[in-house]
Amino acid sequence: MPDQEPEIITEKPMELGVYARPKRGFAAADMIAVGLSAMWLVLVGIYFMFMAPAEETSQGTFLVAMLAILLPIALIWIGATVIKTARVMREEAARLQSAIDAMRQAYVSQAQTSGMGVKPAVERKLDEIATATKQTQNAVATFATSRPSAVEQTASHPALVKPGVTTDSQPALALGTPPPNTAAPLSVTDFIGALNFPEDENDVEGFRQLRRALADHESSKLVRSSQDVLTLLSQDGIYMDDLTPDRSRPELWRMFATGERGPAVAGIGAVHDRSSLALASGRMRSDAVFRDAVHHFLRQFDKTFANFAPVASDEEITKLADTRTARCFMLLGRVTGTFD
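For every chain, the first residue of its written sequence is number 1, and the numbers climb from 1 along that sequence. Confidence filtering applies because this is a predicted model: local features only for residues at pLDDT of at least 70, side-chain atom pairs given and counted only at 80 or more, and all residues used for totals across whole chains, interfaces and linings. Remark: hydrogens and water are excluded; side-chain values derive from all non-hydrogen atoms of the structure.

Draft legend 1. Fine view of the overall build of the chain. Along its length, the chain carries eleven helices and zero strands. Secondary structure elements of the chain, listed N to C terminal, follow the sequence α-α-α-α-α-α-α-α-α-α-α. Between buried and exposed lies partly exposed: a residue is buried under 20% and exposed over 50% of the maximum accessible area for its type, with that area taken using a 1.4 Å probe on protein chains only. A buried classification covers 30% of the 340 residues belonging to the chain. Considering only intrachain contacts with a sequence separation of at least 6, the fraction spanning at least 24 residues in the chain is 79%. Working note: accessible area of the chain is about 22900 Å², and carbon and sulfur atoms make up 61% of it. Here a strand is any run of E in DSSP of at least two residues, a helix any run of H or I of at least four, and the numbering for each starts at the N terminus. Should any heavy atoms of two residues lie within 4.5 Å, those residues are counted as being in contact. Residue burial considers only the protein chains on display, and all accessible areas are found by Shrake-Rupley using a 1.4 Å probe.

Draft legend 2. Up close: the packing of helix α8 (residues 274-286) against helix α9 (residues 288-308). Where α8 meets α9, the closest approach of the two axes is 6 Å, and the angle between their N-to-C directions is 110°. When the interaxial angle is binned, α8 and α9 end up roughly perpendicular. Here the hand of the crossing between α8 and α9 comes out left-handed. Of α9, the residues touching α8 (which contributes Ala 280, Arg 283, Met 284, Arg 285 and Ser 286) are Ala 288, Phe 290, Arg 291, Val 294 and His 295. Angles run from 0 to 180 degrees between N-to-C directions of axes, and those axes are lines fitted to C-alpha atoms, restricted for helices to the stretch in contact. Orientation labels follow simple angle bins: below 35 degrees gives roughly parallel, above 145 gives roughly antiparallel, 65 to 115 gives roughly perpendicular, and whatever is left gives oblique. Here a crossing is taken to be left-handed if its near helix is turned anticlockwise relative to the far helix by less than a right angle, and right-handed if that turn runs clockwise.

Draft legend 3. Representation of the pattern of salt bridges in the model. For this analysis, a salt bridge means a side-chain nitrogen from Lys or Arg found within 4 Å of a carboxyl oxygen belonging to Asp or Glu. Evaluated as defined, the whole model comprises 15 salt bridges. Here Arg 208 makes a salt bridge to Asp 190, at a shortest N to O gap of 2.8 Å. Linking Arg 208 in helix α5 (residues 204-215) with Asp 190 in helix α4 (residues 188-196), this pair joins segments that are 18 residues apart in sequence. Among the residues examined, Arg 208 registers a relative accessible area of 31% and is labelled partly exposed.

Draft legend 4. Examining the packing of aromatic side chains more closely. Two aromatic rings from Phe, Tyr or Trp, using only the six-membered ring of Trp, form a pair when their centres are within 6.5 Å; if the ring planes differ by under 30 degrees the pair is stacked, by over 60 it is edge-to-face, and anything between is tilted. Evaluation of the coordinates by the stated rule reveals eleven aromatic pairs. With centroids separated by 6.4 Å and ring planes inclined at 50°, the aromatic side chains of Phe 256 and Phe 305 adopt a geometry described as tilted. Here Phe 305 lies in helix α9 and Phe 256 lies in helix α7 (residues 250-257), a separation of 49 residues in the sequence. On the basis of relative accessible area, Phe 256 is assigned to the buried category, the value being 1%. For Phe 305, a relative accessible area of 3% corresponds to the buried category. Pairing Phe 297 with Phe 301 gives two aromatic rings, centres 6.2 Å apart and planes at 50°, and the pair type is tilted. With Phe 297 and Phe 301 both in helix α9, this residue pair falls four residues apart, about one helical turn. Among the residues examined, Phe 297 registers a relative accessible area of 0% and is labelled buried.

Draft legend 5. Up close: the side chain of Asp 190. Judged by relative accessible area, which is 7%, Asp 190 ranks as buried. Not counting chain neighbours up to four residues away, the residues in contact with Asp 190 comprise Glu 205, Arg 208, Gln 209 and Arg 212.

Draft legend 6. Structural context of α5. Each residue after the first adds 1.5 Å to the expected span of a helix. For α5, with twelve residues, the first-to-last C-alpha span of 17 Å sits near the 16 Å given by 1.5 Å per residue. Where α5 is concerned, the buried positions are Gly 206, Gln 209, Leu 210 and Ala 213. Projected onto a plane normal to the axis of α5, the buried residues spread over an arc of 100° and lie on a single side. Exposed and facing more than 90 degrees away from the buried side of α5 are Val 204, Arg 211 and Ala 215. Note that the arc is defined by the directions from the helix axis to the C-beta atoms.

This is how it looks when you write it as structure tokens:
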């Protein structure tokens, strides 16, 4: 039986990934240190061979000479060691960061996988309670109270009551002259949609409503002033979509439309975001252009809403209060003390 060749067992290196320490050879810092040390020794040898004095040297002079020779070499190697240590620390920090990122990714993946299962009973119950509470608040806020009105509350009726002009159809002028303005009045739906502005560049209906509002003389003033203020607020990172104001009752808005101010209508100023309030308040004090734009916007909102409230239902007032323009009014009204 022929002798079997002994099997050579090669141990496979453990794959440690980011934990494996790389092999470090003769680093560039070591080569530079060796070069500088050799250069220094050559210079010292030249000095002692050709330029050193011929007088006898005492023991103290010899020690000083050795110190002058060896101290620069020691400093060179200390510097090289510091450079190598810093490089090692950077590599260790990079490996540690990679390990932390890998652990975080694994944790997130595990959490997402486990989150696909059925929620615990307590969490489901809390979600149901929160949903029911929100629905109740919305129902209370949007409940339309019955009240006598000479104007029929439909989505197609005019949005604003202009001073001195009734909402009835305009009578024909004498001699058969047509009315000066034959365009259809701006409807409540288009007015509210314009105050909320288009959602994005693909919002065809939003742009149509915005064009209709800009074509109307009265509503265009509010829309343009609102657009100016929203643009200025966005420069400080304040966006109306980030604000979540509390629902306020339509009765408070109607009181505001009739001229009520102060604590009686404080529920309208339902924006409580401290960061946005602080940023807007600071800019009111430091930016005169922003301050003028805000006061102009508030005046236009007061005037326009006073003409809107008499022809709007409670549900329409609630929808208007949820627009970006109304949220801007709540924020700036709090800043300027309208509800104090």
